[in-house]
Amino acid sequence: MPEATTLNRGFHIGHQKVELDVDLSNRTIVGSTEITVLPTNPTLKSIRLDLRQAKVTGAFVNGKTAIWDYEDFWAATSSPPFKESARTIHQYNQFEDRLAPVIDENLSGELVVHFPRGVKVVQQDPFASSLNLGISPSLSRHESPEIAATPSLARTDLYNAFVPITVRVEFRLEDPAMGLHFVKKNAQHRYEHVYTISNPYGVSTSSWLPCVDGLWERCSWEFEITVPKSIGDIKRAQANGIDHDKDEEDSERDIAVVCIGDLHQEATHAFDHSKKTVSFVLTSPVAAQHVGFAIGPFVQTNLSELKESDEDDGHHSSSSMEVYAYALPGRQDDVVNTCMFIHKAMEFFVREYSSYPFGSFSLCFVEDALDDMEPCCGLAIVSERHLFPGDIIDQIYPVTKYLTTLLAAQWSSVNIVPKNWNSLWITIGICRYITAMFLRKLMGNNEYRFRLKKDAEQICDLDIGRPPIGRPDLEFPVDKSTLDFIALKAPVILHILDRRLTKSGGSFGLTRVIPKIFWQAMSGDLTNGCLSTSHFQRLCEKVSHTKLDSFFQEWVLGSGYPIFRITQRFNKKKMFIEMGIRQVQNVEMPKTGALREESFVKDAKRHLQGSDMLESTVRPIFTGPMTIRIHEADGTPYEHVVNIKDSFTKLDIQYNTKYKRLKRHLRSRDKPSANAAVVSAATSGEPIDEGELDGVLLHSLGDVLSSENDMEEWRLREWTKEEEDQMTNEAFEWLRVDSDFEWICVIYINQPDYMYASQLQQDRDVVAQYECIRYFADTKPSPIYSTILVRTLMDRRYYYGIRIEAALTLAKYALPELDWIGRYHLLKAFQLMFCFPDSLIPQANDFSDFPTYYLQKTIPLALSEIRDVTGQTPMPIKEFLLDLLRYNENSHNTFSDCYYVGALMTAICNSISEPPEQVPQFNFDFSFDVKANGTNGTHNKSAEAKFVEKAMVEIERCQRMDLWMPSYQKVVSTIALSIKEKLSQLGTIEASVSDWLQFTQCGLFDTLRLSAFSAILSVPDIYSAQEQKAVLRYVSKTILTDQSYYVRLGLIKLLGESLGKISMHKYGWSGRVGGGVGTFMIVEETGGEITESRKDEYRRSNLEGCIEIVKEQFSEVETLKRGFWDMLTSSALGILEKRIVLDICGILYDVLPTRLVKLRIPDQTQIVAKNLGHGNVKIYRTDKPRLPIQSAVTVDNQRSSDPGTDTESKTVTLPLPPNRIRLNIKIR
């Protein structure tokens, strides 16, 4: 991607003043903008501004009326390129051509304002100051006042070389489709309000305001916004006084304006006293991308007042920063509960990194917004879906992380922007990195390191065939939702960079680099606030005195990750630990990534364009330091740092221990009273009496359930005498590779299982414990491993994430060869913690202890993953899960159980894997269990069917209860719909489109509606069945007419995901059933059916085959064709929506450069078509009598050596240029 980010328009913007008169009831804005232009080209005679979907009513340059040319490329995308008679979706490429100017990386500008006579670029007197021109320094320079006079900014001299020119543009905007969203009052929304949408990059602000859009043209701003004073004034302004609000309290609510900058003035309108004008001033230069506002009856909450009195008030710079939250009436309590930490985040960032770059920070919660909105300058417009009350637990971490990210973006993403698209990763990475640092302080180091490890694992799953984050493959305009992988990988890369910088020369790592970057942005050393990868690298090298070329080449400009195979053995003769580290990513890493439903359209588009997932970007060698930590026999950890340079590294590590190892199997079982105390602490969370622990070894975790009674009751196993002797003879306890988390990698170490057990029990690092859990999950199951895992699960001293992973791993130990020990341990643990004594009936819920709550959710999910020899969940497990849902009691619980109920329903769904009437029943073992308990692999067909019926009854009951007593955001109903969708895909239940349709109505919660639409679109029959055409038409009409922007965009994305879902997964069960022996049933398949089944399975496993399936099933569906055409020609859809529709069309349909021209045939005379060449056809009447001919002339671009007219069909074949057809018809 080139370094240049913007076109040279011959000028820069020094200041922009915006005046808006907003009509909420009619969804109209009448406005004007006054732009101070700083010419850089002495021959400049006009300026180009970005503007679309608006009507320009006037233009003035230096007070003189000017001529303007306005070519709204966007308006052209909503009109068909040819007449009604020639409409066909196979000409979708015509819309792509019309959309191209709008989605180009560098917008050329739709509005051209020509300088009138007498206005020209004049060189400025070098001795005249900006004050002589009547312009403040902040207006005459491209930078802020603080950095304008900095000598290093030599380019400002160029801006001041010519006298500024003032350009004023007047415009009118009606019912915008993008950039600005009006929320109407209806059954779903109580209050009318409007807000800006800063997504996608570069085209959002110019969709409602003439400006130079993008990230790199920065200037100061001034806003004057005129709005009605109150809600009652909005109603009175409507024609004929329609729709008067009977609620007097609501009518008297003031309309608030939340905007970027500092509030300057609020005054009554000069002519209309029912309106008011609110003024805002922003002196710091920011890009048009980060300009925004929100208008509505918002209630303000000062979040700075939530600061506790005992907190440190010594930080004057942070305590003076005001943090506000705005929300619609009735959500104040949720706002306080959701945002109570924001002032702490502000104090942390100011104290650790830099002072806040703007005057204040505001969060404005609005309805119908996207989940992930780009923040503005000092303002973040957030969806109300992120608000949650105090009785919700599951939203605490994700919402806290998201809102903290919005605040951190004020430093890195708004005040500092990437120098080019290749540097986008660094601003996103810094923003996410400092967010993680605050979350570590707020929630603890264990939470931080555990989630960091999970992120690294996710990167290893996704970073296969992807472009490097330093050279991203972006689609323009850039949609923020497409940057998820960069947002995932960039902060982890910064973490490993920080670890490497910290170890080199005593550096403080990124704790010195990031504040220095922020200081450079404030002082002006960072030109125009633009940060590049090269500048960041130089700064890191300067701070650490270390060359980082290889690091950035491997992790930023390269993709993939290393896979290490490590061997080790102890050399007793030399007292060395001989170790070999081999990189095998070239051999073991998959060439292409797994198919994903959510990215199917994007992946298919790249494949069809010949630029599908890369296969040669994985580096054969990754280099850098790696820390190896060896816990030797005396229990002392010794660290060794080795520098990885080659594909294979051999090293000899000196052994340090000179005396016999400690006896490692000493256990607390020698003192029963101590064991009882530990078990009590592990299960109840009560503190341990230190007197009970005298003489007991406490350095080992997982030492619960160690008494003889516990061993017998829990069916636990200990290491054998031979194994303990082998442990005693080992030279070290365990070793860890990359113990400091300096790599994103996959590591395989050949150390014995008992070393992993020691690491799990004695290493306090959660990452080390998690690595052990992963080892036990991937290795061959054993009863001793199950014992270790259940002790981990029951020991409260472990971090709750480790206990959750242990529970999920135990499900893999529910095997017949192990006597179903994993199932027994999970049930026993759940019974002890959450059931009545000696019973599996659950007690009333008590979620006051959050770690225990997450375990209570996880264990049923783990049980649902248990499978017997037939691939089915045993019936006792299913009945137990159903009883948990049936007997769930939450009436006396402080917290809501909606997510817990959702987890139970999901567990029941997971336990149902195939249609019960089609489960293979014959396993050649005729001693089947009459009770159908699942232990011998046999199932009673009627019992399976009855269970599904009972399960659906309970799920329906929960869904009805959710309608009567709504849960938080209708979580229960949403999960219930997802469950029905999955079971219908398996063929377990019949797909009921009519039942799902009732949840798609306007007025229901948005996520519930989208869940219902997802279930409907995943049914293949609605695309093929004649009676289901109305459903597809309903989906199309919803996309075109629904008032919710969130639903419209989400529904279009669901269309693409449903194509991937249907092509990747076979709907229902397709075997043919026949023959039988008694109560058994044999599934027969002929050789041809097996071959076809394997072919179909292979096609669904690769991208090319999925594309073929999609074309076969959907390309000839006329309802889809008509629906896509209506979407392309609709003015209600924005750029993102139409681009997704075009991407889907590119997968389904082939471009046919053919036109069908219908002509009236005269009664007597003949019509002749004459080829004029170059795609031109002349059709005229002759005096000859008419012959029997067709009433249509078809013109295509097939090549012909002798173009002419076929007398039989009257088809004219012309040699036409490729990819372009022009048909001129002239009748004399």
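Provided above is the structure to which this section pertains.
Below or above, wherever it landed, is the structure these notes cover. As the structure is a computational prediction, the values presented were derived from the model and not from experiment.

### Details of the overall build of the chain
Right, on to step 1. The helix and strand tally for the chain stands at 41 helices and 35 strands.
Right, on to step 2. Within the chain, buried positions represent 57% of all 1228 residues.
Right, on to step 3. Intrachain contacts of the chain at a sequence separation of at least 6 include 73% that bridge at least 24 residues.
Right, on to step 4. Carbon and sulfur atoms form 50% of the exposed surface of the chain, whose accessible area is close to 52,200 Å².

### Considering the packing of aromatic side chains
Right, on to step 1. A complete count under the given rule lists 42 aromatic pairs for this structure.
Right, on to step 2. Ring centres 5.3 Å apart and planes at 85 degrees place the aromatic pair Trp 216 and Trp 421 in the edge-to-face group. Of this pair, Trp 216 sits in the loop between β10 (193-196) and β11 (218-228) while Trp 421 sits in the loop between β20 (417-418) and α12 (424-443), placing them 205 residues apart in sequence.
Right, on to step 3. Taking the centre distance of 6.3 Å and the plane angle of 75 degrees together, the rings of Trp 555 and Trp 743 count as edge-to-face. Highlighted residues: Trp 555 in helix α17 (residues 549-555) and Trp 743 in the loop between β27 (732-737) and β28 (746-749), separated in sequence by 188 residues. We note that Trp 555, like Trp 743, is buried.
Right, on to step 4. Ring pairing ties together the aromatic residues Phe 341, Phe 348, Phe 349, Tyr 353, Tyr 356, Phe 358, Trp 411, Phe 438 and Phe 518, which thus form one cluster.
Right, on to step 5. A cation sits over an aromatic face here: Arg 466 above Phe 485, 4.6 Å from the ring centre.
Right, on to step 6. In this arrangement the basic side chain of Arg 565 is found over the ring face of Tyr 748, its NZ or CZ atom lying 3.9 Å from the centre.

### Quick notes on a nonpolar patch on the surface
Right, on to step 1. A surface patch of nonpolar side chains, about 450 Å² in accessible area, is lined by Met 961, Leu 963, Trp 964 and Met 965.
Right, on to step 2. Relative to the helices and strands, Met 965 resides in the loop between α31 (941-964) and α32 (971-986).
Right, on to step 3. Given a relative accessible area of 54%, Met 965 falls into the exposed group.

### Quick look at α32
Right, on to step 1. Helix length check: α32, at 16 residues, gives a terminal C-alpha distance of 23 Å against a target of 22 Å (1.5 Å per residue), a fit within 8%.
Right, on to step 2. In terms of residue burial, α32 counts as a mostly covered element, since twelve of its 16 residues are buried.
Right, on to step 3. Here α32 has its buried residues at Val 971, Val 972, Ser 973, Thr 974, Ala 976, Leu 977, Ile 979, Lys 980, Glu 981, Leu 983, Ser 984 and Gln 985.
Right, on to step 4. Once α32 ends, the next one or two residues include Gly 987, with phi positive near 85 degrees.

### Considerations on the nonpolar core
Right, on to step 1. Within the largest apolar cluster, 350 residues are counted, with the highest numbers of intra-cluster contacts made by Trp 221, Leu 363, Leu 403, Phe 536 and Phe 1124.
Right, on to step 2. Among the elements that make up this core, the one with the highest residue count is α12 (twelve residues).
Right, on to step 3. Contacts of Trp 221, omitting those with residues within four sequence positions, involve His 15, Gln 16, Val 18, Leu 209, Ile 260, Phe 280, Val 281, Leu 282, Val 286, Ala 287, Ala 288 and Val 291.

### Remarks on the state of the cysteines
Right, on to step 1. One pass over the full model with this rule turns up zero disulfides.
Right, on to step 2. Here Cys 745 stays unpaired: no disulfide links it, and the sulfur of Cys 460, its closest cysteine neighbor, is 6.9 Å away.
Right, on to step 3. For Cys 745, a relative accessible area of 13% gives the class buried.

### Description of the side chain of Gln 583
Right, on to step 1. Looking at the secondary structure, you find Gln 583 in strand β23 (residues 576-583).
Right, on to step 2. Residue Gln 583 is classed as buried on the basis of its relative accessible area, which comes to 8%.
Right, on to step 3. Among the polar contacts listed, one links the side chain of Gln 583 to the side chain of Gln 585, at a separation of 2.9 Å.
Right, on to step 4. Polar contacts involving the side chain of Gln 583 include one to the main-chain carbonyl oxygen of Phe 622, which spans 2.8 Å.
Right, on to step 5. Those residues in contact with Gln 583 that sit more than four places away from it in its chain are Pro 562, Ile 563, Phe 564, Pro 620, Ile 621, Phe 622, Ile 644, Asp 646 and Ser 647.

### Focus: the sheet that holds strand β25 (residues 637-644)
Right, on to step 1. In space, the three strands of this open sheet follow the order β25-β24-β27, with antiparallel pairing throughout. Of all strands in the sheet, those bounded by a partner on one side alone are β25 and β27. For this sheet the average axis-to-axis angle between neighbouring strands, irrespective of direction, equals 20 degrees.
Right, on to step 2. Note: strand β24 (residues 624-632) against β25, eight bridges, orientation antiparallel. When the bridges of β25 are listed, Ile 628 appears paired with His 640.

### Examining the packing of helix α14 (residues 484-503) against helix α15 (residues 510-523)
In a pair of packed helices, the angle between the axes and the distance between the axes together describe the arrangement.
Right, on to step 1. Orientation of α14 relative to α15, taken along the N-to-C sense of each, is 115 degrees, at an axis distance of 9 Å. Every residue of α15 that contacts α14 at Leu 494, Leu 497, Asp 498 and Leu 501 is listed here: Leu 510, Thr 511 and Val 513.
Right, on to step 2. Among the residues making up the contact of α14 with α15, the classes are represented as five nonpolar, one polar and one charged.

### Re the packing of helix α30 (residues 898-911) against α32
Right, on to step 1. As a packed pair, α30 and α32 sit with axes 9 Å apart at the nearest point and diverge in direction by 10 degrees. The pairing of α30 with α32 is recorded here as roughly parallel in orientation. Residues Cys 898, Tyr 899, Val 901, Gly 902, Met 905, Thr 906, Cys 909 and Asn 910 of α30 form the contact with α32, whose own contacting residues are Val 971, Val 972, Ile 975, Ala 976, Ile 979, Lys 982 and Leu 983.

### Observations regarding unusual backbone geometry
Right, on to step 1. Here the bond from Asn 199 into Pro 200 is cis, since omega is 5 degrees, no more than 30 degrees from zero.
Right, on to step 2. Relative to the assigned elements, Pro 200 resides in the loop between β10 and β11.
Right, on to step 3. Going from Phe 476 to Pro 477, the amide bond is cis rather than trans, its omega being -5 degrees.
Right, on to step 4. As for its position among the elements, Pro 477 is in the loop between α13 (445-462) and α14.
Right, on to step 5. Look at His 545: it is not a glycine, yet its phi comes out positive at around 60 degrees.
Right, on to step 6. Relative to the helices and strands, His 545 is located in the loop between α16 (533-544) and α17.

### Quick look at the sheet that holds strand β22 (residues 563-571)
Right, on to step 1. Judged by pairing direction, the sheet is mixed, and its four strands sit side by side in the order β26-β23-β22-β28 without closing on themselves. The open sheet has two free edges, formed respectively by β26 (648-654) and β28, since each of these has just one partner strand. Each adjacent strand pair in this sheet contributes to an overall mean axis angle of 20 degrees, direction not counted.
Right, on to step 2. Relative to β26, β23 is paired through seven bridges, and the arrangement is antiparallel. In the strand pairing of β26, Glu 578 is matched with Asp 652.

### Structural notes on the layout of surface pockets
Gaps left between atoms are located by rolling a probe of water-molecule size over the structure's atoms.
Right, on to step 1. As a volume, the second largest pocket reaches approximately 840 Å³.
Right, on to step 2. Along the walls of the second largest pocket sit 30 residues, with Glu 457, Val 746, Ile 747, Tyr 748 and Arg 774 positioned nearest its centre.
Right, on to step 3. In terms of residue count, helix α24 (residues 766-778) provides more of the lining of the second largest pocket than any other element does, six residues in total.
Right, on to step 4. Along the lines of polarity and charge, the residues of the lining of the second largest pocket split into 18 nonpolar, three polar and nine charged.

How each quantity is defined
- Every chain is numbered on its own, with residues counted from 1 as its sequence reads.
- In keeping with the predicted nature of the model, local features appear solely for residues at pLDDT of at least 70, side-chain atom pairs appear and are counted solely at 80 or more, and the whole-chain, interface and lining totals rest on all residues.
- Water and hydrogen atoms play no part in the side-chain values, which are based on all heavy atoms of the structure.
- The secondary structure listing takes helices from DSSP runs of H or I that are at least 4 residues long and strands from runs of E that are at least 2 residues long, numbered from the N terminus.
- A 1.4 Å probe rolled over the protein chains alone gives each residue an accessible area, and that area as a share of the maximum for its type sets the label: buried under 20%, exposed over 50%, partly exposed in between.
- Contact definition: two residues touch when any of their heavy atoms are within 4.5 Å.
- We get accessible surface area from the Shrake-Rupley algorithm with a probe of 1.4 Å; when it comes to residues, only the shown protein chains can shield them.
- Any Phe, Tyr or Trp ring, taking Trp's six-membered ring, that has another such ring centre within 6.5 Å forms a pair; planes under 30 degrees apart are called stacked, those over 60 apart edge-to-face, and the others tilted.
- Two limits define a charge over a ring: the Lys NZ or Arg CZ must be within 6 Å of the ring centre, and within 35 degrees of the ring normal.
- Patch membership is restricted to residues that have no salt bridge and whose relative accessible area is over 30%. Joining uses 9 Å for like charges and 5 Å for the nonpolar side chains Val, Leu, Ile, Met, Phe, Trp and Tyr.
- A carboxyl oxygen of Asp or Glu within 4 Å of a side-chain nitrogen of Lys or Arg is what we treat as a salt bridge.
- The span expected for a helix works out to 1.5 Å for each residue beyond the first.
- Residues belong to a common nonpolar core when they are buried Ala, Val, Leu, Ile, Met, Phe, Trp, Tyr or Cys residues joined through side-chain atoms within 4.5 Å.
- Here, two cysteine sulfur atoms that lie within 2.5 Å of each other are counted as a disulfide.
- Whenever two N or O atoms come within 3.5 Å, that pair is a polar contact, provided that in protein one can donate a hydrogen and the other can accept it, and provided that, for residues adjacent in sequence, both atoms are side-chain atoms.
- Any two strands with at least two DSSP-identified bridges between them are counted as paired.
- Inter-axis angles, ranging from 0 to 180 degrees, are taken between N-to-C directions of lines fitted to C-alpha atoms, where helices are fitted over the stretch in contact.
- Only Asp, Glu, Lys and Arg are considered charged, only Ala, Val, Leu, Ile, Met, Phe, Trp, Tyr, Cys and Pro nonpolar, and every remaining residue, Gly among them, polar.
- If an angle is under 35 degrees, it is roughly parallel; if it is over 145, roughly antiparallel; if it lies from 65 to 115, roughly perpendicular; otherwise it is oblique.
- Using protein atoms alone on a 1 Å grid, points that fit a 1.4 Å probe yet trap it form a cavity, whereas open point sets bounded by protein on both sides within 12 Å along at least five of seven lines form a pocket; residues with an atom within 4 Å of a point count as lining.
- Grid points are joined across faces, edges and corners, and a volume is the space filled by probe spheres set on the points.

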